[in-house]
Every structure is written in C-alpha cells, then in structure tokens.
Amino acid sequence: GQANFIYYPGPVIMRQSTPQPARQRGTIFLTLLYGLPVLLAMVGLAVDFGQYYLMKRQTQTAADAGAWGGALQRARGITKNGQLDIDLIKNAAITDVDLNGFTITADKVLIPPQATLPPSIPAWSNNFVQVIVTQEVPTFLLWIISSDFQKLTVTASAIAGAISVPGPGCFMTLGGKTLGNETLT
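Residues numbered from 1 in each chain as written. Predicted model: local features only at pLDDT ≥ 70, side-chain atom pairs only at ≥ 80, totals over all residues. Heavy atoms only, no water.

Caption draft 1: Here's a closer look at the sheet that holds strand S5 (residues 151-159). If you trace the three strands from one edge of the open sheet to the other, you get S3-S4-S5, paired in antiparallel fashion. Edge positions in the open sheet fall to strand S3 (109-110) and S5, since each of these has one partner strand only. Strand direction decides the pairing type here: strand S4 (residues 128-136) and S5, joined by nine bridges, are antiparallel. Following the sheet pairing, Gln-130 is matched in S5 by Ser-157. Across the sheet, helix H1 (residues 27-76) is in contact with S4 and S5; its angle to S5 comes to roughly 30 degrees. Strands in contact with helix H2 (residues 86-99) are S3 and S4; relative to S4, the strand with the most contacts, it is inclined by about 40 degrees. (Pairing = 2+ DSSP bridges. Helix = DSSP H or I, 4+ residues; strand = E, 2+ residues; numbered from the N terminus. Contact = heavy atoms within 4.5 Å. Axes fitted to C-alpha atoms, helices over the stretch in contact; angles between N-to-C directions.)

Caption draft 2: Summary view of the side chain of Arg-74. Turning to its location among the elements, Arg-74 is positioned in helix H1. The charged side chain of Arg-74 is buried without a salt bridge, its nearest counter-charge being Asp-85 at 12 Å. (Buried < 20%, exposed > 50% of the residue type's maximum accessible area, 1.4 Å probe, protein only. Lys, Arg positive; Asp, Glu negative; His and termini not counted. Salt bridge = Lys/Arg side-chain N within 4 Å of Asp/Glu carboxyl O.)

Caption draft 3: Region of the structure containing the nonpolar core. Counting 23 residues, the largest nonpolar core has Val-97, Val-129, Val-131 and Val-133 as the members making the most contacts within it. Contributing elements (two or more residues each) for this core: H1, H2, S4 and S5. In terms of residue count, the dominant contributor to this core is H1 (six residues). Ignoring any residue separated from it by four or fewer positions in sequence, one finds Val-129 in contact with Ala-67, Gly-70, Ala-71, Arg-74, Ile-89, Val-109, Leu-110, Ile-111, Ala-156, Ser-157 and Ala-158. By size, the runner-up hydrophobic cluster in this structure holds five residues, among which are Leu-110, Phe-128, Ile-132 and Ile-159. (Core = buried A, V, L, I, M, F, W, Y, C linked by side-chain atoms within 4.5 Å.)

Here it is in structure tokens:
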C-alpha cells in the first residue's frame, strides 16, 4: 500500500528541549512548600467561620425558644403563695433550651427586676423573660485571630400575653429585622 501524506507548504519549526539553568530548578517544590500551608490555613479558617456561624444560629435558636417558653409560662400567671411562680417560669425556659440541645442553669433565666430591659421590649412593659445561653465553640484556627471566637454568648428576650398598646399592637420579634424605616431587634 501507499501512504497518504498531507502536504503543508510552510516551514517546519522544531523545538529542542534545552536544559533549565540551575537557578530555576526546584521552583515548583518551593512554591508548594510555602503555598500549601497558606492554602490549608485559609481552608481551616473558612471551616472555622462556618462552624462558628452554625453554632451561633443554633445557640440563638435555643435562647429564643427558652425566652419564648418562659414568657408563655409567665403569661399563664400561675402563682405560688400569692406571688408569681418564678421557679415554674425558669423551668419552662430551661426545658425549652434543653430541647434545642443546650444546657443552662436557672441563673441564666432573668425576670425583672434582675433582667435589663432590652431595646426591643417597650419601656412600659415589665412582663418579659430574658435567657442567656453561653456555649464553647470548637475551632481549630480562629483562636489565632481572637479568643472571642471560643466562647459564644447570646441573649434572647420575649414577652407574651395580653398587653395594652396605644394603637394597633400585635408583634413578635426574635431577631433584628428591618421593616420599612423601622428596625426591630
């Protein structure tokens, strides 16, 4: 048989492999040597920030549930010896926080006058429950930036029941949201 060739009417350029000078050898190794730890640190920080954000959301949800549960129990108005049953309110809040996977003690459930009035609760109301949840956050690299990332503390306040408000008034807020020109927190 005959071989079929395609004729190309141009110059043939051939490139020969030339040895690299000694100063360029090993640059890939050095790039990996210095670049890999930086890349791993960036990945580690990204994972830590994700873990921190997830833990913050879960902790805030638990605190919100505890404050809401305590406020609902307070709205029931159950009394013991003629006074509001504080232990019942605190136990309701502790139970709801526990159902969300966190543990708090009774001193982290605050009822006026121990609780400070948050800006989201109207000044005329003294009928709220405040819950503080503190949680350790397992991080690998965030402690290098700041030790604040190792301990997470969130606070939630809730009010429940019939309240007299001048004008129309029915609201529930468990986080900062912007509504028109007003910010609810």
